[in-house]
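# Geometric and topological summary
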Amino acid sequence: MPIDQTTQRKPIDHTPRVIVTRHLMPAVEQRMSELFDTKLNPRDVPFTREQLIAAMREADVLVPTVTDRIDADMIAQAGDQLKLIANFGAGIEHIDLEAAAKRKIIVTNTPGVFTDDTADIAMSSIIGVPRRIREGVGLVRSGQWTGWAPSGLLGRKLGGKVLGIVGMGRIGQAVAHRARAFGLEIGYTNRKRLPGAIERMLGARFVPDVDTLAAEADILTLHCPLTDETRGMIDARRISLMKPGSSIINTARGELIDQEALIAALQSGHLAGAGLDVYPDEPNVDQRLLDIPNVMTLPHIGSATAEGREASGEKVIANIRFWMDGHRPPDQVLIGL
């Protein structure tokens, strides 16, 4: 039965204790400190598991980020006063939502504010990997560039190539909108097909399954959430379906790709390159990826704009204030058990 998470509550009768696990934008932290009894993390050192549990025993509201894994056992140790986990960021797979719902702890996120920022970073790799940008930059910076040559550092043009988009939510659609301007043919797969009007607007055609899309794509870009079904979805079998010389872009979650299979395909030359902004064991990046010339390795900066990070913080504040007033927060994550 679904858990009712929308029941009207009474406003709280005290200033809530809010604990923020990472350093946020200065204007956001200042506003939080004005509105709430706020404990900040100015050193920006990620909390340990024990520190997160201690915070959950103290706080009325916990403000975590994607770096904070909050599982059922941790939620079971939370104090009775913890009533809101106001996540900074859209992704919520690092929080056990079912365990939170059982404890009647509301979970919110900040959707939509990083759509364009993440799409821009994805496009940087969609352009940069076929054109071998990382190799070119490395050549110049190492002092080994000997000048222009007719056959030097040849890449592949974008126009007429097939961009396969896995996951056509906000970010996937924003990528499609940008990619169309570069002459890419856009195929996509999604849990639900988009309305025809949106497909026509984006110039995108629906492909019913990931296998078919992988086989058709010259560039495969991932924009789906991390779930039990999507974890490791790009495995050795699916990579083998891809065209020789194709590439993979991932700005979503590192765990979507079987990293060993990806490295093997890059080392063998079956894949021409990859653009990665996320990794399965962040902040650790496998040295083999760094050693492959045409892998663009970015430090999880898809959402790293001052404007986006400030907007996300403002959403966190709005969610807390709605909760304080006894109303359903605008970005409450609703689940059914």
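None of these values were measured; they are calculated from a predicted model.

## Comments concerning the UniProt feature "domain: D-isomer specific 2-hydroxyacid dehydrogenase NAD-binding" (unreviewed entry) in the protein
UniProt's entry tags residues 125–302 with the feature "domain: D-isomer specific 2-hydroxyacid dehydrogenase NAD-binding" (unreviewed entry), counted in the numbering of this structure. What you have in residues 125–302 is 33% helix and 17% strand, and the ends, taken at the C-alpha atoms, are 11 Å apart.

## Some remarks on the sheet that holds strand β5 (residues 106–108)
Across the sheet, 5 strands lie side by side as β2-β1-β3-β4-β5; this open sheet has parallel pairing. The open sheet is flanked by β2 (37–39) and β5, the only strands paired with a single partner. The sheet shows a mean angle of 15 degrees between the axes of neighbouring strands, direction not considered. Both strand β1 (residues 17–20) and strand β3 (residues 61–63) contribute to a ladder of 3 bridges, which runs parallel. Residue pairing in the sheet places I19 in a bridge with L62 of β3. Helix α13 (residues 306–324) rests against β1, β3, β4 (84–86) and β5 of the sheet, and its axis sits at about 160 degrees to β4.

## Examining the pairing of β1
Pairing analysis gives 3 bridges linking β1 to β2, with the strands arranged parallel. Bridging from a neighbouring strand, R17 pairs with D37 of β2. What joins β1 to β2 is helix α1 (residues 26–35), and the crossover it makes is right-handed.

## Points about the pattern of salt bridges
One pass over the structure, following the stated rule, counts 22 salt bridges. Residues R253 and E93 are paired through a salt bridge, measuring 2.2 Å at the closest nitrogen-oxygen approach. With R253 in the loop between β10 (246–250) and α11 (259–268) and E93 in the loop between β4 and α4 (97–102), this pair connects stretches of sequence that are 160 residues apart. On the basis of relative accessibility, which here comes to 18%, the residue R253 falls in the buried class. By relative accessible area, E93 is classed as partly exposed at 26%. A salt bridge links R238 to D211, with the nearest nitrogen and oxygen atoms 2.6 Å apart. Pair noted here: R238 is in helix α10 (residues 236–241) and D211 is in helix α9 (residues 210–216), with a separation of 27 residues, a long-range link.

Calculation rules
- The numbering scheme is per chain: residues are counted from 1 as the chain's sequence reads.
- Per-residue local features of the predicted model are confined to residues with pLDDT of at least 70, and side-chain atom pairs are confined, for both listing and counting, to 80 or more; whole-chain, interface and lining totals are unaffected and use all residues.
- The side-chain quantities take in all heavy atoms of the structure and omit both hydrogens and water.
- UniProt positions are given in the numbering used here, feature names are shortened, and annotations may be inferred rather than shown by experiment.
- The numbering of helices and of strands both runs from the N terminus, where a helix is a DSSP run of H or I of at least 4 residues and a strand a run of E of at least 2.
- Strand pairing is assigned whenever DSSP detects at least two bridges linking the two strands.
- Lines are fitted to the C-alpha atoms to define the axes, a helix being fitted only along its stretch in contact, and any angle between axes, read from their N-to-C directions, falls within 0 to 180 degrees.
- Any two residues having at least one pair of non-hydrogen atoms within 4.5 Å are treated as being in contact.
- Handedness of a crossover is defined as follows: orient the strands so they point away from the viewer, and if the path from the first strand over the helix to the second runs clockwise, the crossover is right-handed.
- A side-chain nitrogen of Lys or Arg and a carboxyl oxygen of Asp or Glu constitute a salt bridge if their distance falls within 4 Å.
- Think of it in three bands: with a 1.4 Å probe and only protein chains considered, a residue is buried below 20% of the maximum accessible area for its type, exposed above 50%, and partly exposed in between.

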